[in-house]
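These are the residues of each chain, in order.
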Amino acid sequence: MSTENEGNAVPADPSVPPVPDAAPEGTPASAPRGAAHEPRAHEPAAHEPARHEPTAPTGDQPGHYREPAPHQYPSSQSQSQSPTPSPTPTPTPAQAPTQHGPAPEYADAPPRAADAGWPPPPPEFPSYGGAGSGGPAWGAPVPGHEPRPPRKRQSALITGVLAAALIAGGVGGGIGYWAAERNDDGSTGSTTVSAADAPKEVKRDAGTVASVAAKSLPSVVTIEAQGNGEGGTGTGFVYDKEGHILTNNHVVASAANGGDLTATFSNGKKYDAEVVGRAQGYDVAVVKLKEAPSGLTPLPLANSEQVAVGDSTIAIGAPFGLSNTVTTGIISAKNRPVASGDGSGASNSYMSALQTDASINPGNSGGPLLDSRGAVIGINSAIQSAGSGGLGQSQAGSIGLGFAIPINQAKNVADQLIKTGKPVYPVIGATVSMAEGGEGAAISGNEGGSPAVVANGPAAKAGLKAGDIITKFNGTPIDSGPTLIGQIWTHRPGDKVTLTYKRDGKESTTEVILGEREGES
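Cut-offs used in this document
- Residues numbered from 1 in each chain as written.
- Predicted model: local features only at pLDDT ≥ 70, side-chain atom pairs only at ≥ 80, totals over all residues.
- Heavy atoms only, no water.
- Core = buried A, V, L, I, M, F, W, Y, C linked by side-chain atoms within 4.5 Å.
- Buried < 20%, exposed > 50% of the residue type's maximum accessible area, 1.4 Å probe, protein only.
- Helix = DSSP H or I, 4+ residues; strand = E, 2+ residues; numbered from the N terminus.
- Contact = heavy atoms within 4.5 Å.
- Pairing = 2+ DSSP bridges.
- Axes fitted to C-alpha atoms, helices over the stretch in contact; angles between N-to-C directions.
- Phe/Tyr/Trp six-rings, centres within 6.5 Å; stacked < 30°, edge-to-face > 60°.

### Side note on the nonpolar core
Here is step 1 of the chain: By size, the foremost hydrophobic cluster in this structure holds 49 residues, and its most contacted members are Leu246 and Leu484.
Here is step 2 of the chain: Ranked by residues supplied to this core, first place goes to helix α4 (residues 407-420) with 5 residues.
Here is step 3 of the chain: With residues up to four places along the chain from it excluded, the contact list for leucine 246 reads Gly236, Phe237, Tyr239, Val284, Ala285, Val286, Gly366, Ile379, Ile407 and Ala414.
Here is step 4 of the chain: Within the second largest apolar cluster, 17 residues are counted, among which are Ala225, Leu261, Ala273 and Leu296.

This is the structure:
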């Protein structure tokens, strides 16, 4: 009789002992049967498929038993040797009794040889999945179910990278901490880091105040003059390699007639000097070292006509006797008319000065006013003091109004003094009023015994007359006689200049060729 082997079992009569199945041929009767297939008593019968007790091996391959495939049991033919041929009722899963006692022997069980081990090795291919079954090979994908591609392990990879980074960071931090906690001798404790030694020599960029000062100071001297019961201290600078020193007239005036004159360099070496020539009107003087050392370095001279308001300035001098003092400022004005005395009150000097706010005090007179390159643009000569009401060299401390002779003018005078020992002044051949604060420089007649206009002089040849008021000099406004003189002395004899004047309320212009006057008048 044929039955489906799917959860069906034949109930055993508890009063009748089980009848052993007929052993296959070649199997000893004494061999134990089904020892490896005994059901476990503690498992519920509902989870155990009912087993049919065949009496002879069946199937496609005799001697093999069949195992159900996942999710279904294959159909198989098994012959039952039940005493009665009547159909066996199929119990429901709830009615399936639990089998106890010896396990029934399967009809598919292989024959047991006396010399064979138990259990027998599994077949290379099961009967329902091998080559002879016609089904798919063992482990092949089930038809209709394509294998899914493996998922990308991005999260796992990122986690691995982060873990590696954390480990590396921890190792680096640990090494740094270990190194910081150990001294050179291997002991642990605090570590003191010492600063590097300062360089032996500090180099400063060219153009800085420090660089300019360092280069210029060896060419600047402190001058001490004594004579006629008077004395004073001023400054000068090297003009040429022959030992000529350029300074102010009022600095050396007391020693001009047989007095003592010395020049001390920044390295402390002092040399005796003598006056070569001086110009009271310009307030310029030239002295020479009696035994000039070799290797003198003259200061370079700039073109003072190119100076602009706002340019940087550096002043070097000996204010109140403090040698080698360096101060800085700017050009605060140009063409400032200045009239100052030489200290004795005997004469005045006139200049169209460069105005600077660099600190200048008594003792700075005669020293160089430098630009940012270290070139001389002027000679420091006068200061304006609060409450003094005037200009001079013997005033109190600086209030930020210092005045310097433009170097172009000073150079012309110095060259003439070195050549002849006497100054040469350019003139217009007319006498002007020295009153200040007017509308111009008025040509006055017979002041001090001098004629208003010199006959056949430059002014007379240009058509100027007494009573004319000069209001401009080469386009520069003129407000007084000192201002006009200061402008004239910035030129050389023989220069052609343009004068604007008023006569009877009418303004006119004329050209004048400057004449000359040698020495002091």
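Here the narrative resumes, following the displayed structure.
### Quick look at the sheet that holds strand β4 (residues 260-265)
Working definition: the strands of a sheet are paired by backbone hydrogen bonds and lie parallel or antiparallel to each other.
Here is step 1 of the chain: Spatially, β1-β2-β3-β6-β5-β4 is the arrangement adopted by the 6 strands of the closed barrel, whose pairing is antiparallel. The average undirected angle you get between the axes of adjacent strands in this sheet is 40°.
Here is step 2 of the chain: Pairing of strand β1 (residues 220-227) with β4 involves 6 bridges; the strand directions are antiparallel. Its bridge partner being in β4, isoleucine 223 is matched across the sheet by alanine 263.
Here is step 3 of the chain: α4 contacts β3 (244-247), β5 (270-279) and β6 (284-289) of the sheet and is inclined by roughly 55° relative to β6.

### Considering helix α6 (residues 481-488)
Here is step 1 of the chain: Within α6, 8 of the 8 residues are buried, which leaves it mostly tucked inside the rest of the structure.
Here is step 2 of the chain: Among all positions of α6, only Gly481, Pro482, Thr483, Leu484, Ile485, Gly486, Gln487 and Ile488 are buried.

### Here we look at the packing of aromatic side chains
Here is step 1 of the chain: Following the criterion strictly, the structure yields 5 aromatic pairs and no others.
Here is step 2 of the chain: Between tyrosine 425 and tryptophan 489, the aromatic rings sit 4.8 Å apart at their centres with planes inclined by 40°, giving tilted as the arrangement. On the criterion of sequence distance, the pair formed by tyrosine 425 in strand β14 (residues 424-427) and tryptophan 489 in the loop between α6 and β18 (496-503) is long-range, its members being 64 residues apart. Of the two residues, tyrosine 425 and tryptophan 489, neither departs from the other in class, the shared state being buried.
Here is step 3 of the chain: A network of ring pairs unites the aromatic residues Tyr282, Tyr350, Tyr425 and Trp489 as a single cluster.

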